[in-house]
Amino acid sequence: MVRNVASEMAALEPEDFHLLSGVEQGMRFSEWVNRGTLPDFAGLTSENVDYRLDRCADRGLLERRTIQYEGYKLTFEGYDALALHTFAERGTIEGVGAPLGVGKESDVYEVQSYTPFALKFHREGYTNFREVMREREYTADRDHVSWLYTARKAAEREYDALETLYPDVSVPRPIDHNRHAIVMEKIDGVELSRADLDDDQVLGVCDLVLREVARAFDAGYVHADMSEYNVFVGTDGVTIFDWPQAVPTDHENAVDLLERDVENVLGYFHRKYPRRMAETPDSDAIADAIADAEFESIDDVTPL
């Protein structure tokens, strides 16, 4: 998807991006943007709009609907093109490489700059819009919410968390942010869910993960979605990634979410390494300790 868009970037002209940006502006008010409003939104003549609409639609950057009126909306490829264009203009990235991970709510690609980075596109709301509307509190106070908005807000929340946490917490170093996309440090390592730890590594890795959870809390954030799928294990330690659902520690549910994060981490280690974890407290005991504690740090209830 993204590599296809990247291959089209050189063929796109400045006016094409004006049109795409105009459709983006119109989608703040309705899902489908009326053709008649696009000259004002894009700052182009009506004739130029017609020409650009065909160019962008042919490249899969726009969708067209002609039911009650002729309307247009961005595809995610079109939204990707706008973000890539901005990053290129800023000099943040020079080219897009191979995919590093493709998931339900994000796609991650290697990108080239003065050093390889990771480029993450948030996809929240595009294919599972109703679920995201239920789960994400930043959609609660808006009458019209598009997938552009939910994806952009998820990226903003994640970038803000990374900027606050880095470097005190082992998270990817944030580089740049635009719309629904984040450029960050590329992390070497293997996902915890796919790591095959030796017996003498299990307790140490579990301890490292919990200590990063503690440092994040001290720095002002709870991850709120901890699992074995958002921890990288490398030669230099562990790195916690995927922070779009993070909440500040003054959030009314922060302690409950912290408790759940710790339960998830310990539950995974107890399931996968039961013999090695047999002498450590189970997740319920740690969760109870957190819930009952008056703490500035959760280091005191780390079990290892």
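Residues numbered from 1 in each chain as written. Predicted model: local features only at pLDDT ≥ 70, side-chain atom pairs only at ≥ 80, totals over all residues. Heavy atoms only, no water.

### As for the sheet that holds strand β1 (residues 33-34)
Two orientations exist for strands paired in a sheet by backbone hydrogen bonds: parallel and antiparallel. Spatial strand order, β1-β3-β2: 3 strands in an open sheet with antiparallel pairing. Of all the strands in the sheet, just β1 and β2 (62-66) have a single pairing partner and so form its edges. In this sheet, strand β3 (residues 70-74) lies alongside β1 in antiparallel orientation, the contact comprising 2 bridges. What sits directly across from Val33, in β3, is Tyr72. Helix α2 (residues 14-26) rests against β1, β2 and β3 of the sheet, and its axis sits at about 100° to β3. (Pairing = 2+ DSSP bridges. Helix = DSSP H or I, 4+ residues; strand = E, 2+ residues; numbered from the N terminus. Contact = heavy atoms within 4.5 Å. Axes fitted to C-alpha atoms, helices over the stretch in contact; angles between N-to-C directions.)

### Some details on the layout of surface pockets
Size it by volume and the largest pocket reaches roughly 780 Å³. Residue lining of the largest pocket: 30 residues in total, with Ser106, Val108, Tyr229, Phe241 and Asp242 positioned closest to the centre. Those elements that provide at least two residues to the lining of the largest pocket are β4 (95-102), β5 (106-112), β6 (117-122) and β8 (181-185). Considering only residue class, the lining of the largest pocket consists of 11 nonpolar, 8 polar and 11 charged. Two domains each put at least three residues into the lining of the largest pocket: domain 1 (6-185) and domain 2 (190-300). Roughly 270 Å³ of internal volume is contained in the second largest pocket. Lining the second largest pocket are 16 residues, and of these Ile187, Asp188, Asp236, Gly237 and Thr239 sit closest to its centre. Looking at the lining of the second largest pocket, the elements that each hand over two or more residues are β11 (231-234) and β12 (237-240). Class assignment for the residues of the lining of the second largest pocket results in 6 nonpolar, 6 polar and 4 charged. Each of domain 1 (6-185) and domain 2 (190-300) contributes no fewer than three residues to the lining of the second largest pocket. (1 Å grid on protein atoms, 1.4 Å probe; cavity = no way out; pocket = protein on both sides within 12 Å on 5 of 7 lines; lining within 4 Å. Points joined across faces, edges and corners; volume = space filled by probe spheres on them. Nonpolar A, V, L, I, M, F, W, Y, C, P; charged D, E, K, R; others polar. Domains from an automatic or database assignment.)

### Digging into the packing of α2 against helix α5 (residues 76-90)
Closest axis-to-axis distance for the α2/α5 pair is 10 Å, and the angle between their directions is 120°. By the angle between their axes, α2 is oblique relative to α5. Classified by chirality, the crossing of α5 by α2 is left-handed. Along its contact with α2, which presents Phe17, Leu20, Ser21 and Glu24, the element α5 presents Gly78, Tyr79, Ala81, Leu82 and His85. Among the residues making up the contact of α2 with α5, the classes are represented as 5 nonpolar, 3 polar and 1 charged. (Parallel < 35°, antiparallel > 145°, perpendicular 65-115°, else oblique. Left-handed = near helix turned anticlockwise from the far one by under 90°.)

### Structural notes on helix α7 (residues 147-165)
Because the α-helix completes a turn every 3.6 residues, residues three or four places apart line up on one side. With 19 residues, α7 should cover 27 Å at 1.5 Å per step; its first-to-last C-alpha distance of 27 Å lies within 8% of that length. Every buried residue of α7 is listed here: Trp147, Leu148, Tyr149, Thr150, Ala151, Ala154, Ala155, Glu158, Tyr159, Ala161, Leu162 and Leu165. (Expected span 1.5 Å × (residues − 1). Buried < 20%, exposed > 50% of the residue type's maximum accessible area, 1.4 Å probe, protein only.)

### Comments concerning the environment of Asp250
Here Asp250 is to be found in the loop between β13 (247-248) and α9 (254-272). By relative accessible area, which is 66% here, Asp250 ends up exposed. Sequence separation of Asp250 and Val222 is 28 residues, and the distance between their C-alpha atoms is 9.7 Å.

### Some words on the pairing of β11
Of the two faces of β11, only one is covered, namely that formed by Val231 and Val233; the face formed by Phe232 and Gly234 stays uncovered. Sheet analysis places strand β9 (residues 190-191) next to β11, joined by 2 bridges and oriented antiparallel. Within β11, the residue paired with Glu191 across the bridge is Phe232. As consecutive antiparallel partners, β11 and β12 are separated by 2 residues.

### Side note on the confidence of the model for the protein chain
The share of residues in the protein chain with pLDDT of 70 or more is 84%, and the mean pLDDT across the chain is 88. In this model, residues 300-304 is a region of pLDDT below 50 whose contacts with residues beyond four sequence positions or in other chains number 14 contacts. (pLDDT = per-residue confidence, 0-100.)

### Notes on empty space enclosed by the protein
One pass over the structure, following the stated rule, counts 3 cavities of 30 Å³ or more. Of the volumes computed, that of the largest cavity is approximately 40 Å³. Those elements that place two or more of their residues in the lining of the largest cavity are α8 (199-219), β10 (221-222) and α9. Looking at the lining of the largest cavity residue by residue, the class counts come to 8 nonpolar, 1 polar and 1 charged.

### Digging into unusual backbone geometry
Cis geometry marks the peptide bond from Tyr166 to Pro167; its omega dihedral reads 5°. Note on placement: Pro167 falls in the loop between α7 and β7 (174-178). At Asp242, a residue that is not glycine, the phi angle is positive and equals roughly 60°. Mapped onto the elements, Asp242 comes out in the loop between β12 and β13. Owing to a relative accessible area of 26%, Asp242 belongs among the partly exposed residues under this scheme.

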